[in-house]
Amino acid sequence: MPDNGRKPETVALTIDGREVVVPKGTSLLQAAAGAGIEVPHYCYHPGLSAPAQCRVCLVEVEGAPKLQPSCVTVAQDGQVVRTDSDEALEMRKGVFEFYLVNHPLDCPICDMSGECKLQDYVFAEGREHGRAHEPKRVFGRDDFGGDVLYYGDRCVMCTRCVRFMEEVAGDPRLTVVERGSRAVIDTFFDQGLEGASFAGNVVDICPVGALVSKEFLHKARAWDLDHTPSVCAGCSQGCNVELHTRDNLVQRLKPRENQEVNGHWMCDYGRESYEWINRPGRLESPQAGRGSRRKPTDWRDVLGRLHARLQELRGAEVIVIGSPLWPNEGLAALDALAQAAGQVSRRVFRSPRAQDEDPLPGFPLLIRRRDLAPNVDGAGLLGFDRDGSDVGEGGLDGVAAHDGILLVLGDELRDQSEEFGASAALFVYLGTHDSPAAANADFVLPVTNFAEQEGTFVNAQGRVQRFQQALRPPGTARPAWLVLGALAAALAGNGPPPSRADGAFAALVAAHPAFAGLDYDVLGVAGAPLADAGAATAAAAGQRAP
Amino acid sequence: MAYPYRHEKEVRLMSEAFGDPAARTIEGWRARGGYQGIARALEIGRDATVADVKASGLRGRGGAGFPTGVKWSFMPKDGTRPHYLLCNADESEPGTFKDREIIRWTPHQLIEGCLVGAYAIGASHCYIYLRGEFFEATQVLAKALEEAYAAGLAGKDILGSGVEIDVTLHVGAGAYICGEETGLMSSLEGRRGEPRIKPPFPAAVGVFGMPTTINNVETLAAAAHVARHGGEWYRQWGTEKSTGTKLFCVSGHVNRPGNYELPLGFPLMELIEDVCGGMRNGAALKAVIPGGSSVPIMDAGECVSCELCYEGVEAAGSMLGCASVVVMDETADIVKQVRRMADFYAHESCGQCTPCREGTSWAARILRRIEDGRGTEDDLDTLMQISEQMTGTTICVLSDSLAAPIISSIQKFRNDYLALIRRGERVGAA
Ligand SMILES: Cc1cc2nc3c(=O)[nH]c(=O)nc-3n(C[C@H](O)[C@H](O)[C@H](O)COP(=O)(O)O)c2cc1C
Ligand code: SF4
Ligand code: SF4
Ligand code: SF4
C-alpha cells in the first residue's frame, strides 16, 4: 500500500494480557520484545533469516490449533497471544530437556558460562532434573581456522553461524554436515574461516559455548567482565562496540547494535586491534626538561611553567601534529591552544591506511574503511591535514628543524630521530608513551587514550559518536582536552576552561561550525549525524587525497 | 512371469500392466489406451481438467490425502512467473513399494500423469524427483521419457497443441526426508534436504521461489485416468470421501504379500484373509500398521471392522497414509518393531528441529535399552512424554511420525513392554 507520508499501518494485539501496538508485518517475537517480554529463542536472530527450526519460541495464539513459532508468525489485529501459557511453558520445558540429552553440561570449563542462553533458559524454565540417562554422543573440538574454535557437543544446531557466513558475510564457509542428532557444524574440506574478515561475528551470535574465540579462550569469566559502550578505534567506520574489561585491561571487543553504522556486526581486524590500548610502559607523570635534564614533576608545576613559556613566545610560528586516534575534544583543544599561542602554519596528522576497503556484503553500511583510525574525519573537520605515507610515517617536511613552537599530540614519531625538534623554541609532547624522538621535548605530558576517557569521534559517514570511559588512567595521566583546554583558556584569557567532557564538547561545537547544533547528551550511545554529514565527509575525502 | 500375485477383487486401473514388459514401450502403452488422458485434457482445456480432477474426488496418494484438484486450483492464475510441477518419486516410507512399481512397469503412465498435472497448473516444467535407490526404475523411466520426447509427447508443442512441457528426472541421494514436499524442493535446488516452514506454501513460493505443486507418483498416475475418462467415472469406485482405487502395499505375515489395487473402502480383514490368502501359517493376527510406519499401530480388535478408506481407518484409530499395510501375527515383537522404526526416524531426521533431532534419537536409545532388558516402567512414561513433545511442535511431521507408533504401541501393547521390563521376556519370537 502506498504510504503518502501517512503513518505506517499498525496492528493492535494482546500479548500476555498486555495491549501492544506494532507496525504491520512485525513478528510476534519482536512484538513481545517491544513490550519487554522475552520469548526464548535460538535460531532467530534479528540480523538473519528465520528458519523457525529451534522450536523454542512457540507461543499460544488463540484460535490456532497448535503452538505457533513466534519468530515467523506475523502479528494480526486483535490476536490474543500467550507466551507463558501452561502449554507453551510445558512445551519449552520439553525442548530444553531435549537440548540437554546430548549436551555435555561442561559449564565450569566453558567460556560462554554466565552469558549462555542455554544456561539461562534452562535455569529459568527447564526441568529441575533431566531424565536422559543414555550415553551422550561425543564430537569433541574442531579448529575452524581463524580465531574460531568449535565445541560440537555444546552446539544447539541453531545454524546462526552457517546463515551468518552465507547471508551476511556472503562467504558460505560453514555448513551442517550429517543429519539428525549426528548433525554437526563444519567447514568445507580444507578451507576454514582463516582470512574471512568478518568471521568473528559467529562467536558473538552463537547462543552457547559452541563457537569460541581462541584469543579469548579461558582468559576471563563472563561475570568478571565490565561492559562499557564504546566505539571501535580500528578504522573510520566507527563500529559501535562494548569494551569488555577486567583488571583495568581490555579483554575483548563485542559489537553493539547500531543499525545506522554496523548493524549487529564488526570486523575481525577491529575486534583484534585492542592490544595497543593495554600496552604497558605508560607515561605516568608530567616531565619537564630536554634530554638529560628531564625531570618528573607534577601538573601544577608543569602547567605553570608551560604557560609562562607560551607567553614568552606568544606570536611565534606554531606547528601542530595531532593524531586521529584522539577524540575531537582533544584535537579541538590542541587547535585552540595553538591559535592562542601564535601563528599556526601547519596542522597535520599521520595515520596508516589500508590498501582496500572491506565491505560486509549482507550489511552494506558496514565497511572496514581504508583509514585505520577512528577519527580521521573528525581531525579533517577540525582543520588537520593528512601528512605522510599510508603506513603513517614520513611527511613532516622541515618540522624536525622548526624553530618556533611545536605541539605534538598522540603521534609517537617512531620514524623520527632523536634530533627531532632540537631547534624548536618550544617542543611540547603529549602522549601515552615516551619516544626517542621526544628527547628534545621541553615538556612531556601524559595523556589518556580514548578508553581511559569519554569523548567523541566522527566516523566516515559523518556521524558523531560518543564513547564512555572504560579504564582508569595510569598515574596522573589526564585527558588531552583537559590539559590543553586549561592552557588555551589561560593564554587567551577567557573564562574558566571546561572541566568535564560535555563542556569540552560544547566548546568545540561553539568553535567549529561543522559541529553546529549537536548536543552531547542528545548524542547518547547511538551518536548522531553532523548537520551536513555529506559535506563533512566530502571535506574529509578532499583532505584525504594524496 | 506374471506379476507376483493377482486377485479377482482388484480393480486394476493403474496396475493392470504390472509385470508386462510390453507396456513399458510407448507403442505398448498406446496400445493399452495410453496418452488419451493428456490428449483429452489438451482438448477440454486447463480449467476443465482441474474441474474434472476436483469432481473425481481424487486425494493425494503420498500420505496426507489432500484433494488433488483443490491443490491444483491453489496455483496462481496469472502467468507471469514460471510454475513447476514436482512429482514426488522419493518413496521411502517403510512398507511402501507402489510408486516404484508404477515407474518400473508403467513409466508412460507416470509421464502422462505428469503432463496432465503440469498442463492443469500451467507449468511448463515438471521435475520427477526419484529416490536414489531406484536404480532400475530410473533407467526404465529415462528410456520411456526419451521415447515420449521423440514422439512429441514431451517438450515443445505437445501433440501439436502448442503447449510446452519439459520433464526432467532428478535422482536423489536416498534420504527419506527428501520425500517431504519442502525438503524435496530444497534438495532439488541443490541444498541440504531440509523441510521449510510453511507458510509460504508451495503454491505461492515453491521450488526456486516459484509457484509449485507437488504430487505423489500414484496421484499423478490416477490423474491421467481421470483426465481420460472424466471425474464422474472415477467416483464409481470407493466411498463418498475416498473415491477411486488405491494401491495397497501389503507386507508382513500374510501368505501372499504384494501390491493390490482395490477400491477405497475395502475391508481390511477381507484384504488379509481373502486377497492376501490369510495369515501365514494360520497364525493369529496381532497388529496392523495400515498406512506406512508413520501412523498409529492398530491392534487386532481395531482391525475387525476397519474399512480401508481415509475416513474408515481414521475411525479405527489410525490413518490410511499411503496405504502400506504391514501385517503382524502373534510372533511379532512389537518393541523391536517400534525400536527399529525409531532407529529409522532417528537416522532420517534432517536435524533442524530440536524435538525431532534429539527426540528421535533419545527415544531410539531408550527403546534399545528396554529391548536389551534394562528398561524401567518410568521409561514408558518418559517415552510417552517425549512423544507428546514431538507431536505438533516441528517444521514437518517426521517427528510426529515416530511419536505415533510409540504412543500407540505403548497404549495398545503395554504388556509387551512390561514383559521385557519386568521379566526380560521378549514377546514374540522374531
Ligand atoms: C517425512 C516425510 C516423508 C515423505 N515422503 C514422501 C514420499 O516419499 N513420497 C510421497 O509421495 N510423499 C511423501 N511425503 C508426503 C509429501 O510431503 C507430500 O504430502 C506429497 O508428496 C504430496 O503429494 P500428494 O498430494 O499427491 O499426496 C512425505 C512426507 C513426510 C512428512
Ligand atoms: S555453533 Fe553455535 S551458532 Fe552455530 S549452530 Fe551451533 S549453536 Fe548455533
Ligand atoms: S569496520 Fe572498522 S570500526 Fe568496524 S570493527 Fe572493523 S575496524 Fe572497527
Ligand atoms: S521435523 Fe525432523 S525431519 Fe522434519 S524438519 Fe524438523 S528435524 Fe527435519
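Quantities reported herein were computed from a predicted structural model and do not represent experimental measurements. (Residues numbered from 1 in each chain as written. Chains lettered and ligands numbered in written order. Predicted model: local features only at pLDDT ≥ 70, side-chain atom pairs only at ≥ 80, totals over all residues. Heavy atoms only, no water.)

Peer 1: Help me get a handle on the interface of chain A and chain B, residues and values and all.
Peer 2: At the interface, 36 residues of chain A touch 32 residues of chain B. Summed over the three residues of chain A that lose the most area to chain B, namely Phe98, Glu134 and Arg179 of chain A, the buried surface amounts to 29% of that side. Linking chain A with chain B are 2 salt bridges. Salt-bridge contacts for Glu134 of chain A lead to Arg369 of chain B; the nearest nitrogen and oxygen are separated by 2.6 Å. Broken down by secondary-structure element, the contributors of at least two residues to the side of chain A that touches chain B are helix 2 (86-101) and strand 8 (174-177) of chain A. It is helix 2 of chain A that contributes the most residues to the side of chain A that touches chain B, 8 residues altogether. Broken down by class, the residue content of the side of chain A that touches chain B amounts to 17 nonpolar, 6 polar and 13 charged. (Contact = heavy atoms within 4.5 Å. Buried area = accessible area lost by both parts, 1.4 Å probe. Salt bridge = Lys/Arg side-chain N within 4 Å of Asp/Glu carboxyl O. Helix = DSSP H or I, 4+ residues; strand = E, 2+ residues; numbered from the N terminus. Nonpolar A, V, L, I, M, F, W, Y, C, P; charged D, E, K, R; others polar.)

Peer 1: Lay out the packing of aromatic side chains with the relevant residues and their values.
Peer 2: Residues and elements named next belong to chain A. What the rule picks out here adds up to 25 aromatic pairs over all chains. Seen from their ring centres, Phe420 and Phe427 are 5.7 Å apart, and the 70 degrees between their planes marks the pair as edge-to-face. Judged by relative accessible area, which is 1%, Phe420 ranks as buried. Each residue in the set Tyr42, Phe96, Tyr99 and Tyr121 is aromatic and connected to the rest through ring pairs, giving one cluster. Residue placement shows Arg154 over the ring face of Tyr151; its charged tip is 4.0 Å from the ring centre. (Phe/Tyr/Trp six-rings, centres within 6.5 Å; stacked < 30°, edge-to-face > 60°. Buried < 20%, exposed > 50% of the residue type's maximum accessible area, 1.4 Å probe, protein only. Lys NZ or Arg CZ within 6 Å of the ring centre and 35° of its normal.)

Peer 1: Would you mind going over empty space enclosed by the protein in detail, with residue names and values included?
Peer 2: Residue and element names in this part refer to chain B. In this structure the tally under the stated criterion is 7 cavities of 30 Å³ or more. In this structure, the largest cavity occupies an estimated 80 Å³ of space. Cys350, Cys353, Cys356, Cys396 and Leu398 are the residues nearest the centre of the largest cavity, which is lined by 13 residues in total. Class assignment for the residues of the lining of the largest cavity results in 8 nonpolar, 5 polar and no charged. (1 Å grid on protein atoms, 1.4 Å probe; cavity = no way out; pocket = protein on both sides within 12 Å on 5 of 7 lines; lining within 4 Å. Points joined across faces, edges and corners; volume = space filled by probe spheres on them.)

Peer 1: Please set out the domain arrangement of chain A residue by residue, giving values where relevant.
Peer 2: Residues and elements named next belong to chain A. Examined at the domain level, chain A breaks down into domain 1 (10-84), domain 2 (104-224) and domain 3 (287-541). Taken together, the contacts link 6 residues of domain 2 with 6 residues of domain 3. Roughly 470 Å² of surface becomes buried between domain 2 and domain 3 when both sides are summed, with 70% attributable to carbon and sulfur atoms. Counting every contact that joins domain 2 to domain 3 gives 0 salt bridges. Classifying every residue of the side of domain 2 that touches domain 3 by side-chain character gives 3 nonpolar, 2 polar and 1 charged. (Domains from an automatic or database assignment.)

Peer 1: Please give an account of the site of ligand 4 that cites residues and values.
Peer 2: As a matter of local geometry, ligand 4 sits amid 13 residues, with Ile177, Cys350, Cys353, Cys356 and Cys396 of chain B nearest to it. Taking a 2 Å distance to the grid points as the criterion, the majority of the atoms of ligand 4 fall inside the largest cavity. (Near = heavy atom within 4 Å. Sits in = over half its atoms within 2 Å of the grid points.)

Peer 1: Break down the domain arrangement of chain B for me, with residues and values.
Peer 2: Residue and element names in this part refer to chain B. By the assigned domains, chain B splits into domain 1 (21-234), domain 2 (245-329) and domain 3 (334-429). Taking only C-alpha atoms, the centre of domain 1 and the centre of domain 3 are 35 Å apart. At the boundary of domain 1 with domain 3, total buried surface from both sides reaches about 870 Å², with 66% on carbon and sulfur atoms. By the criterion of area lost to domain 3, the three top residues of domain 1 are Tyr176, Ile177 and Pro195, representing 52% of everything that side buries. At the boundary of domain 1 with domain 3, the tally comes to 0 salt bridges. Counting across the interface, domain 1 meets domain 3 through 3 residue pairs in polar contact (both at pLDDT 80 or more). Grouping the amino acids of the side of domain 1 that touches domain 3 by side-chain chemistry returns 6 nonpolar, 2 polar and 5 charged. (Polar contact = N/O pair within 3.5 Å; in protein donor to acceptor, adjacent residues only side chain to side chain.)

Peer 1: Account for unusual backbone geometry, with residues named and values stated.
Peer 2: Phi is mostly negative for residues that are not glycine, and the peptide bonds are mostly trans. In this chain, Lys198 of chain B is followed by Pro199 of chain B through a cis amide linkage whose omega measures -5 degrees. Within the fold, Pro199 of chain B resides in the loop between helix 8 (181-188) and strand 4 (212-216). In this model, Pro199 of chain B is joined to Pro200 of chain B through a cis peptide bond whose omega is 0 degrees. As for its position among the elements, Pro200 of chain B is in the loop between helix 8 and strand 4. Non-glycine residue Asp16 of chain A carries a positive phi angle of around 50 degrees. Positionally, Asp16 of chain A belongs in the loop between strand 1 (10-15) and strand 2 (18-23).

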